[in-house]
Amino acid sequence: MGRPAAGQTGAVTTSDLGDLELPPGARLIHIGPAKTGTTSVQAAMWAHRADLRQQGVRYAGRGRHSASATRSLIGRGSVFGEDGSPPPVRTWERLAREIRTADEPRVVLSSEFLSHAKDDTIRRIVDDIDLARIHVAVTLRPVPRMLSSLWQQGVQVGGIVGFEDWLLERLGRDGAIPDHPLWRTQRHDRLIERWAGVVGRDRVTAIVVDQNDHAWVLRAFEALLGIRSGTLQLQVDYQ
């Protein structure tokens, strides 16, 4: 796992992060997973996309989150769709072409849905964009905080299972962790190995989210992209 960034507190700048800057031509793929600051990163990049372009970085996609394109790639439908079928794969092909042919020195794509990608899908991403230019960013959050956040999100959309029962279903009762879908994305060691096995360990950076400094993750992305510290700012509606 290449160049891991550790969380800090206080007023952090890109100079505090050391030499994380990716080479010109890099295509940075931020794969999440969910509940690790992905929405904050996406909102900040979308809000400041003009500043990013001036500094040689394209934020790929037609909106804050290219959800349709990445869901089409992993075959995942929308809960809001009429039949639950995934979007047409041409939405991914269009996005991949934008990333592959962009004139800017660096391009970034952020989607937590990519943490669901299996080996064959990861290989397709690499083939569609260009392995020689891909670098992967994985944002990580302590598992206890991630679990409570996921449960709360479920309650907000109508879940009625109590927190203890919800945890037992995912953590088990006898010490053996069940084979629950949650762990495909939230077993961070396996997630990183899955991507590193295709793109190479030296092309994966893990960023640990700092619970005491929500802007930390933005400083880390600024360092990777080689842009001015403070370019990305947290957006009030997405903190």
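Okay, so let's go over this structure. (Residues numbered from 1 in each chain as written. Predicted model: local features only at pLDDT ≥ 70, side-chain atom pairs only at ≥ 80, totals over all residues. Heavy atoms only, no water.)

1. Observations concerning the side chain of Thr38
Thinking step 1. Summarising the element assignment, Thr38 is placed in helix 1 (residues 38-47).
Thinking step 2. The exposure class of Thr38 is buried, given its relative accessible area of 3%.
Thinking step 3. In this view, Thr38 contacts His30, Gly32, Pro33, Ser110, Glu112 and Thr139; residues no more than four positions away in its chain are not counted. (Helix = DSSP H or I, 4+ residues; strand = E, 2+ residues; numbered from the N terminus. Buried < 20%, exposed > 50% of the residue type's maximum accessible area, 1.4 Å probe, protein only. Contact = heavy atoms within 4.5 Å.)

2. Considerations on unusual backbone geometry
Thinking step 1. A cis amide bond links Gly32 with the next residue in sequence, Pro33, at an omega value of 10 degrees.
Thinking step 2. One can find Pro33 in the loop between strand 1 (27-30) and helix 1.
Thinking step 3. Its identity is not glycine, yet Lys35 carries a phi of approximately 70 degrees, on the positive side.
Thinking step 4. Tracing the sequence through the fold places Lys35 in the loop between strand 1 and helix 1.

3. A short note on the environment of Ile134
Thinking step 1. Mapping Ile134 onto the fold places it in strand 4 (residues 134-140).
Thinking step 2. Taking the C-alpha atoms as reference points, Ile134 and Arg27, separated by 107 residues in sequence, lie 4.8 Å from one another.
Thinking step 3. In contact with Ile134, not counting residues within four places along its chain, are Arg27, Ile29, Ile125, Val126, Ile129, Val199 and Arg203.

4. What to know about the packing of aromatic side chains
Thinking step 1. Applying the stated criterion to the full structure yields one aromatic pair.
Thinking step 2. Residues Trp151 and Phe163 carry aromatic rings whose centres are separated by 5.1 Å and whose planes lie at 45 degrees to one another, so their mutual orientation is tilted. With Trp151 in helix 6 (residues 143-156) and Phe163 in helix 7 (residues 163-171), the pair connects residues that are 12 residues apart, well separated along the chain.
Thinking step 3. Residue Phe163 is classed as partly exposed on the basis of its relative accessible area, which comes to 30%.
Thinking step 4. A cation over a ring is seen here: Arg49 above Trp46, with NZ or CZ 3.7 Å from the ring centre. (Phe/Tyr/Trp six-rings, centres within 6.5 Å; stacked < 30°, edge-to-face > 60°. Lys NZ or Arg CZ within 6 Å of the ring centre and 35° of its normal.)

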